[in-house]
Protein chains: 2
Amino acid sequence: MSVLSQLQESLGALVDTSRASLEEARADRSGHAAAGLPVAVVHAESVEDVQQTLRIATATRTPVVVRGAGTGLAGAANAGTGEIVLSVRRMTAIREVRADDLLAVVEPGILNADLNAELGRHGLWWAPDPASRDISTVGGNIATGAGGLLCAKYGVVRDAVLGVDLVLADGRLLHLGHRSVKGVTGLDLTALVVGSEGTLGVVVGATLKLRRLVPGDTCTIAATFPGVRAAAAASAAVTAAGVQPAIMELMDAASLEAVHALLALPAPTTGAAQLTIQTDGPAARAEAEAIADILRAHDGSTVVSHDRTEGERLLAIRRSMHAAMASLGTSLIEDVAVPRSAMPAMFDEIARIEREYGLRIPTVAHAGDGNLHPNFLFDGPEVPPEVWAAADDLFRAAIRLGGTLTGEHGIGVLKRRWLAEELGDDQWHLQRQIAAVFDPLGILNPGKVFDA
Amino acid sequence: MSVLSQLQESLGALVDTSRASLEEARADRSGHAAAGLPVAVVHAESVEDVQQTLRIATATRTPVVVRGAGTGLAGAANAGTGEIVLSVRRMTAIREVRADDLLAVVEPGILNADLNAELGRHGLWWAPDPASRDISTVGGNIATGAGGLLCAKYGVVRDAVLGVDLVLADGRLLHLGHRSVKGVTGLDLTALVVGSEGTLGVVVGATLKLRRLVPGDTCTIAATFPGVRAAAAASAAVTAAGVQPAIMELMDAASLEAVHALLALPAPTTGAAQLTIQTDGPAARAEAEAIADILRAHDGSTVVSHDRTEGERLLAIRRSMHAAMASLGTSLIEDVAVPRSAMPAMFDEIARIEREYGLRIPTVAHAGDGNLHPNFLFDGPEVPPEVWAAADDLFRAAIRLGGTLTGEHGIGVLKRRWLAEELGDDQWHLQRQIAAVFDPLGILNPGKVFDA
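Worth saying up front: this structure is predicted, and the values here are computed from it rather than measured.

Rules used in this analysis
- Residues numbered from 1 in each chain as written.
- Chains lettered and ligands numbered in written order.
- Predicted model: local features only at pLDDT ≥ 70, side-chain atom pairs only at ≥ 80, totals over all residues.
- Heavy atoms only, no water.
- Domains from an automatic or database assignment.
- Contact = heavy atoms within 4.5 Å.
- Buried area = accessible area lost by both parts, 1.4 Å probe.
- Salt bridge = Lys/Arg side-chain N within 4 Å of Asp/Glu carboxyl O.
- Polar contact = N/O pair within 3.5 Å; in protein donor to acceptor, adjacent residues only side chain to side chain.
- Axes fitted to C-alpha atoms, helices over the stretch in contact; angles between N-to-C directions.
- Helix = DSSP H or I, 4+ residues; strand = E, 2+ residues; numbered from the N terminus.
- Parallel < 35°, antiparallel > 145°, perpendicular 65-115°, else oblique.
- Left-handed = near helix turned anticlockwise from the far one by under 90°.
- Nonpolar A, V, L, I, M, F, W, Y, C, P; charged D, E, K, R; others polar.
- Phe/Tyr/Trp six-rings, centres within 6.5 Å; stacked < 30°, edge-to-face > 60°.
- Buried < 20%, exposed > 50% of the residue type's maximum accessible area, 1.4 Å probe, protein only.
- Expected span 1.5 Å × (residues − 1).
- pLDDT = per-residue confidence, 0-100.
- 1 Å grid on protein atoms, 1.4 Å probe; cavity = no way out; pocket = protein on both sides within 12 Å on 5 of 7 lines; lining within 4 Å.
- Points joined across faces, edges and corners; volume = space filled by probe spheres on them.

**Q** Explain the domain arrangement of chain A to me, please; I cannot follow it from the model alone.
**A** Often the size quoted for an interface is simply the accessible area lost on bringing the parts together. Residues and elements named next belong to chain A. The domain architecture assigned to chain A consists of domain 1 (3-87), domain 2 (94-212), domain 3 (217-400) and domain 4 (415-452). The centre of domain 1, based on its C-alpha atoms, is set 21 Å off from the matching centre of domain 4. The partner domain 4 presents six residues to the 12 residues of domain 1 that form the contact. Summing the contributions of domain 1 and of domain 4, the shared interface buries around 750 Å²; its carbon and sulfur component is 58%. When the buried surface of domain 1 facing domain 4 is broken down by residue, Arg 61, Val 64 and Ala 76 rank first, second and third, together holding 41% of it. Our count for the domain 1 to domain 4 interface comes out at zero salt bridges. Our count for the domain 1 to domain 4 interface comes out at five residue pairs in polar contact (both at pLDDT 80 or more).

Written out as structure tokens, the structure is:
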């Protein structure tokens, strides 16, 4: 009996072979798509559905690509010929919210924003806030180790997950981690699963570490600089001065121009770059004033707002970046991260690469944590060789500056060719062997992260 | 040529076979000691020394026990017959301190307190603060995933390590992790090494995530309650109310009596338990008042101090617990952690176990994060069977309440018999296989964590 027949016999109407669903599962938001069409999309509605799908996959040695909302930017959830797509998007239950223990237990398919809307009713939030939070799932956030705007102050996903329930490739269910603040029983497999991009197992539940909603004001500072290097130096100076913003976003001139055009705002000063900074908590106002002083000392034309609505308006410019890039054509969105002091040097490298390769690379950065998103613009659907060559140059520059080739998007298919370069061959082989302990047949997301 | 001869030929005067050194390496602060004497103590002074020792160990299939200051409480660094002790205690260099990037690169043998004294000169600190910080090494803190008093507010070791340099069993050196705030390149092996208790490799360097020294006041609240259950309920109420103390320590009546006797203070009221709480940061005073109100509403006789010296005096009572227990005879120090709401129920279980087994179990707790240290008192050097039976009962109770058998001390030898019970057999076997990827010959800390 074929794989498809076995899936249909076992999972009935959950097995979807419509052309539209198969096509959709080929691609994510990176623009990249897998070759060919997958066998089927299984819309799992329970842990048992996930286990049953994996039992069939193991018995038939069929590759499985786990998928949430498909908002990834590295191609990790793209499925092609011969692969089963295992969607957990329908598993959206919030099983438990405990304000007294600052934890929630959730299913993986719930959207980050939907979870936080519910948590807000309890005075709580889950801190990871990728820019995609309105459309990305908690399971996807965990699988990619997603970052966001608030990481310097409020941590990354790894800091906000206490445990995960993981279905292995052979269908067995493991409970990893704990519900207590502390716990060092054995190896920390929860942390290993965060960011593993579907190569170790399927996350079917997560125990999340929550925070109380932050009391007090939110202040927003917008500052315009003569150029991107000055803006980068100013943001590094803020970090070096010991003030901790909640958000510190940098936009270079090309990004700012594109967003202003998209939103039909007056054109910005030619060459001007912008920092948008938010402070929160009990010292928000004092911190905002201290930051404004630093920015002015770095030639920043600076305004401070204590109004939340005005703050959201200022941040909306940054949040429109993805749409603005889409309006300019096709782009390869990169994701290097460097130590914060190296940000000005990284912007110099990007300017050099633009010149050397004759490319436009509008760049935004989570300047509070040193994570840059250079957008390599090009025409047509396929990434041209000179863009790959420029990206290669970019990655090497980031590593030279003490950085990493991906801060929050992951390796997927788009960066796997550079993985061994950053890890070193010994560590790369060690990581593959660890993945093989979880998935000895190699049926979980083959060809992703670790190139076959 | 014997292992010892090979070590001596290769490492010369770094190889120590004095009776005193060999005896010392048999035991840690748990009171437990390994059987027999190890082959030698190698006092590594460089990464190359560590690599050379491990090459010889691999070539000769000799077990290696890595050791820092020997302050562990689970026997993980105890070495016995036929084993090489690899001490990294002499590797104390601070290679780099970067205030602008909030990171430091250090060698593993430096004491936590010595590191923080140096960081303080830069206005910085490394948040992990095990009670042993004056005598324990950073490498040991990483190897055990050590906790401490400040974890609820400032996180655990896993949150404060960006990368580690790891020498594998065969002597190869790997650089794991990154220097940037974000980084999701491949599997998070850094987090896997934290808390791995010497089973995966030897940490020879660490890139630590630092914090700025917290500005503002430190306020200390001391409250006395009629009994331990009332104190536990009051501490859970503080957490549930959404105020975040930096420190919240609980002492039961037996602990309080023992410390008062040790310090020659007036005897406390019979049966009384105590909470000692500190708040810090810009809202310290307001938070202290809010907490005092909650404690008074829970029958706590409460005083608030805004004086740092007075605060340290109040905390000194808690910090004298270890010495007070030692003055009472031998004790088995346990380390269960439960969700914070379950603390009153956990104290009920401890009272039940005291009655059922006819034991005295003075207990202190890091009440802010639900981590309890019951001290099982007994006579003589060996843990008697009824104490093991009572400890078994304790672990099962903690797991029933959603907790874990070790919050911060680790598994070592003292808790390995319960590891599979908490993890489940499937996860236990998976963890062993992962350790075997790092150490295929099984020469790193054999018999620890995963019982052979």
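**Q** What exactly am I supposed to notice about the packing of helix 14 (residues 385-400) of chain A against helix 15 (residues 416-423) of chain A here?
**A** Axes are the key here: two packed helices are described by the angle between their axes and the distance separating the axes. All names here are of chain A. As a packed pair, helix 14 and helix 15 sit with axes 11 Å apart at the nearest point and diverge in direction by 20°. By the angle between their axes, helix 14 is roughly parallel relative to helix 15. Crossing handedness for the pair helix 14 and helix 15: right-handed. Of the residues in helix 15, those in contact with Trp 388, Asp 392, Phe 395, Arg 396 and Ile 399 of helix 14 are Arg 417, Trp 418, Glu 421 and Glu 422. Tallied by class, residues from the contact of helix 14 with helix 15 come to four nonpolar, no polar and five charged.

**Q** Just to check I follow, could you spell out the packing of aromatic side chains for this structure?
**A** Within a pair of aromatic rings, the relevant descriptors are the distance that separates the centres and the angle that separates the planes. All names here are of chain A. Throughout the structure, instances matching the rule amount to eight aromatic pairs over all chains. Judged by centre distance (5.1 Å) and plane angle (75°), the rings of Trp 125 and Tyr 154 are edge-to-face. Of this pair, Trp 125 sits in strand 7 (residues 124-125) while Tyr 154 sits in helix 6 (residues 151-154), and the two are 29 residues apart along the sequence. A single burial state applies to Trp 125 and to Tyr 154, both of which are buried. When the centroid spacing of 5.8 Å and the interplanar angle of 35° are considered together, the rings of Trp 388 and Trp 418 count as tilted. A residue pair is termed long-range when its members are at least 10 positions apart, and Trp 388 in helix 14 and Trp 418 in helix 15 qualify at 30 residues. For Trp 388, a relative accessible area of 15% translates into the label buried. By relative accessible area, Trp 418 is classed as buried at 3%.

**Q** How should I be thinking about helix 14 (residues 385-400) of chain B in this particular structure?
**A** Residue pairs three or four apart in sequence face the same way in an α-helix, which turns once every 3.6 residues. All names here are of chain B. The end-to-end C-alpha distance of helix 14 is 23 Å, a good match for the 22 Å that 16 residues give at a rise of 1.5 Å each. Residues Val 387, Trp 388, Ala 390, Ala 391, Asp 393, Leu 394, Phe 395, Ala 397 and Ala 398 constitute the buried set of helix 14. Each element contacted by the buried residues of helix 14 is listed here: strand 16 (330-333), helix 13 (343-357), strand 18 (371-378) and helix 15 (416-423). Just past helix 14, the residue Gly 402 takes up positive phi, approximately 85°.

**Q** Help me out: how do you make sense of the confidence of the model for chain A in this one?
**A** Caution is warranted with low-pLDDT regions, since their predicted coordinates should not be read in detail. Residues at a pLDDT of 70 or more form 100% of chain A, whose mean pLDDT is 95. Reported confidence for the predicted complex is 0.95 by ipTM and 0.96 by pTM.

**Q** Just to check I follow, could you spell out empty space enclosed by the protein for this structure?
**A** In this approach, a probe sized like a water molecule rolls over the atoms, and the result shows the empty space that is left. All names here are of chain A. Counting across every chain of the model gives six cavities of 30 Å³ or more. Computed from the structure, the largest cavity encloses a volume of approximately 50 Å³. Lining the largest cavity we find Leu 149, Ala 152, Gln 244, Pro 245, Ala 246, Ile 247, Met 248, His 366, Gly 368 and Asp 369. For the lining of the largest cavity, a count of residues per class yields six nonpolar, three polar and one charged.

**Q** It is not clear to me how the interface of chain A and chain B should be interpreted in this structure. Could you clarify?
**A** Each partner contributes to the interface: chain A provides 73 residues, whereas chain B provides 73 residues. Taken together, both faces of the contact between chain A and chain B bury some 6000 Å²; the carbon and sulfur share is 60%. Note that B:Asp188 is salt-bridged to A:Arg158, the shortest N-O span being 2.9 Å. Taken together, chain A and chain B are joined by 35 residue pairs in polar contact (both at pLDDT 80 or more). A total of eight residues in the side of chain A that touches chain B trace back to one element, the largest contributor, which is helix 16 (residues 425-438) of chain A. Class assignment of the residues belonging to the side of chain A that touches chain B gives a composition of 30 nonpolar, 26 polar and 17 charged.

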